[in-house]
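What follows is the residue order along each chain.
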Amino acid sequence: MVRGAEAVSAGYAAGSLLSVVGLPVAEVSRILQMTAQLERMPLREKAEVLRGRRVALLFYESSTRTRTSFELAAKGLGASTTLVSDKSSSIEKGESLKDTGLTLRALGAECIILRHNASGAPELLARMTGLPVLNAGDGMHEHPSQALLDLRTMLERLGLPSDRVDAASLRGVTVVITGDIQHSRVARSNGLLLPRLGARVVLCGPEGLLPVEALGMGREAAEGGSVEIVRNFEEALRGAQVVMMLRIQRERLAGMELDLTEYTELYQLSEERLRRCAPEGAVVMHPGPMIRGLEIAGAVADGPQSAIERQVRNGLEIRSALLVRALDATAQNM
Ligand code: NCD
């Protein structure tokens, strides 16, 4: 099995999900299939799949959707969970990631879900503990489970099979990702994954938030897929089947001056702009948290083209499959 072999050679436990890079398309397909299988399962049966297993959530950054969905997914599968956050633990006293990880392992954690402000922290933790680690967002690097739940959401909304993919599944589909691309791990993971399934990914935003280097994420693109930059939002919208809006990450802007009034004028997805520029029925997505009235108008977020709530729901479904994969419970219980 590719997954196991790769992980062992890289020095961390099979079942880890650290990045979408190196995640074979066949493995993405298997995760989607497991997701569909788990979703169909009666709740009582589902609660047996990870019964008695221990999952630790280790969060060094705030989170609503990602944390809650991982936690509820683990509980729904019968696992017990414990949350350690930097605000109320020995992390505040200066304990290192390594020591915190080893402590969780000594207490019986079999899998760690990590959100950290440093890029690469999940890989380090995976190496240091030998436990499967699920990257719940590391700095400006990656957010692989978000890319998978976004993928499932767009497949569903575009009327494509959502329980399997191959290198041509998104051929002919243009996904426009707009906003603070520079600081967005969500944009990175999507930009690295979707072209490998054949999608044309268009990145859109002002130069300060979208440097040309962002095109580097398309290096892995397989035939058919591509990553390009279109600076003019209205022009970018014209070919979009999917429009993914991103939050301006004020906490990461560090010294950069951004005229928010001008930004809103040029890049906000308003009702009028969506109607006038995008093809009919274009799917609107946002990973959250969204700032209504800034990057997206409230009416669009709540409108019929919005898949935002479905994204949240798919977070629960995809993360259930990732937990089962991490703890390799398939053989015994599914
Ligand atoms: C994002 C994150 O934390 O990377 N949200 C999420 O996990 N759904 C995006 C953000 O913070 O803007």
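Rules behind the numbers
- Residues numbered from 1 in each chain as written.
- Predicted model: local features only at pLDDT ≥ 70, side-chain atom pairs only at ≥ 80, totals over all residues.
- Heavy atoms only, no water.
- Helix = DSSP H or I, 4+ residues; strand = E, 2+ residues; numbered from the N terminus.
- Buried < 20%, exposed > 50% of the residue type's maximum accessible area, 1.4 Å probe, protein only.
- Contact = heavy atoms within 4.5 Å.
- Core = buried A, V, L, I, M, F, W, Y, C linked by side-chain atoms within 4.5 Å.
- Salt bridge = Lys/Arg side-chain N within 4 Å of Asp/Glu carboxyl O.
- Pairing = 2+ DSSP bridges.
- Near = heavy atom within 4 Å.
- Polar contact = N/O pair within 3.5 Å; in protein donor to acceptor, adjacent residues only side chain to side chain.
- Nonpolar A, V, L, I, M, F, W, Y, C, P; charged D, E, K, R; others polar.
- Axes fitted to C-alpha atoms, helices over the stretch in contact; angles between N-to-C directions.
- Parallel < 35°, antiparallel > 145°, perpendicular 65-115°, else oblique.

Caption draft 1: Structural detail: the overall build of the chain. A tally of helices and strands in the chain yields 14 helices and nine strands. Taking the principal axes of the C-alpha coordinates as reference, the chain spans close to 55 × 45 × 35 Å. The proportion of buried residues among the 334 residues of the chain is 56%. Once local pairs closer than 6 in sequence are excluded, the contacts in the chain between residues at least 24 apart make up 77%.

Caption draft 2: Molecular detail of the nonpolar core. With 62 residues, the main nonpolar core has Leu151 and Leu323 as its most contacted residues. Dropping the residues within four chain positions of it, Leu323 is found in contact with Leu50, Val55, Phe70, Ala73, Ala74, Leu77, Cys111, Ile113 and Leu134. Counting residues in each nonpolar core, the second largest holds 27 residues, with Val176, Ile248, Tyr267 and Leu274 among its members.

Caption draft 3: Looking closely at the pattern of salt bridges. This structure, assessed with the given rule, holds 21 salt bridges. Where salt bridges share partners, they join Glu39, Arg152, Glu156 and Arg310 into one cluster.

Caption draft 4: Structural detail: the pairing of strand S6 (residues 200–204). Most of S6 is tucked away, with four of its five residues classed as buried. Of the pairings in the sheet, the one linking strand S5 (residues 174–178) to S6 comprises five bridges and is parallel in character. Each residue of the ladder has a partner; that of Thr174, found in S6, is Arg200. In this sheet, strand S7 (residues 226–229) lies alongside S6 in parallel orientation, the contact comprising four bridges. Note on S7: the bridge partner recorded for Val201 is Val227.

Caption draft 5: The site of the ligand, seen in detail. All residues adjacent to the ligand are Thr66, Arg115, His143, Gln146, Arg185, Val186, Arg247, Gln249, Pro287, Gly288 and Pro289. Here Arg185 contributes a side-chain N or O atom positioned 2.7 Å from an oxygen atom of the ligand. Taken together, the residues that form the shell around the ligand break down as three nonpolar, five polar and three charged.

Caption draft 6: Layout of the sheet that holds S7. Reading across the sheet, the five strands line up as S7-S6-S5-S8-S9 and stay open at both edges, with parallel pairing between neighbours. Looking at the sheet topology across the chains shown, the edges are occupied by S7 and strand S9 (283–285). Adjacent strand axes in the sheet meet at a mean angle of 20° when their direction is disregarded. Here strand S8 (residues 242–245) pairs with S9 via three bridges, running parallel. Its bridge partner lying in S9, Val243 is registered against Val284.

Caption draft 7: Spotlight on unusual backbone geometry. Residue Pro289 follows Gly288 across a cis peptide bond; omega there is -10°. Assignment of secondary structure puts Pro289 in the loop between S9 and helix H12 (298–301).

Caption draft 8: Local environment of the pairing of S8. Of the two faces of S8, the one lined by Val242 and Met244 and the one lined by Val243 and Met245 are each fully buried. Note that S5 and S8 share four bridges and pair parallel. Each bridged residue has a counterpart across the sheet, and for Val175 the counterpart in S8 is Val242.

Caption draft 9: Expanded view of the environment of Arg44. Note that Arg44 resides in helix H3 (residues 43–46). Taking C-alpha positions, Arg44 is 9.0 Å from Gly76, a pair spaced 32 residues apart along the chain.

Caption draft 10: Layout of the packing of helix H2 (residues 25–40) against helix H13 (residues 308–327). The interhelical angle for the contact between H2 and H13, taken along N-to-C directions, is 105°, at an axis separation of 8 Å. Regarding the angle of H2 to H13, the classification is roughly perpendicular. Here H2 contributes Glu27, Arg30, Ile31, Leu32, Met34, Thr35, Leu38 and Glu39 to the contact with H13, which in turn contributes Arg310, Glu317, Ile318, Ser320, Ala321, Leu322, Val324 and Arg325. Here the residues of the contact of H2 with H13 are counted per class, giving eight nonpolar, two polar and six charged.

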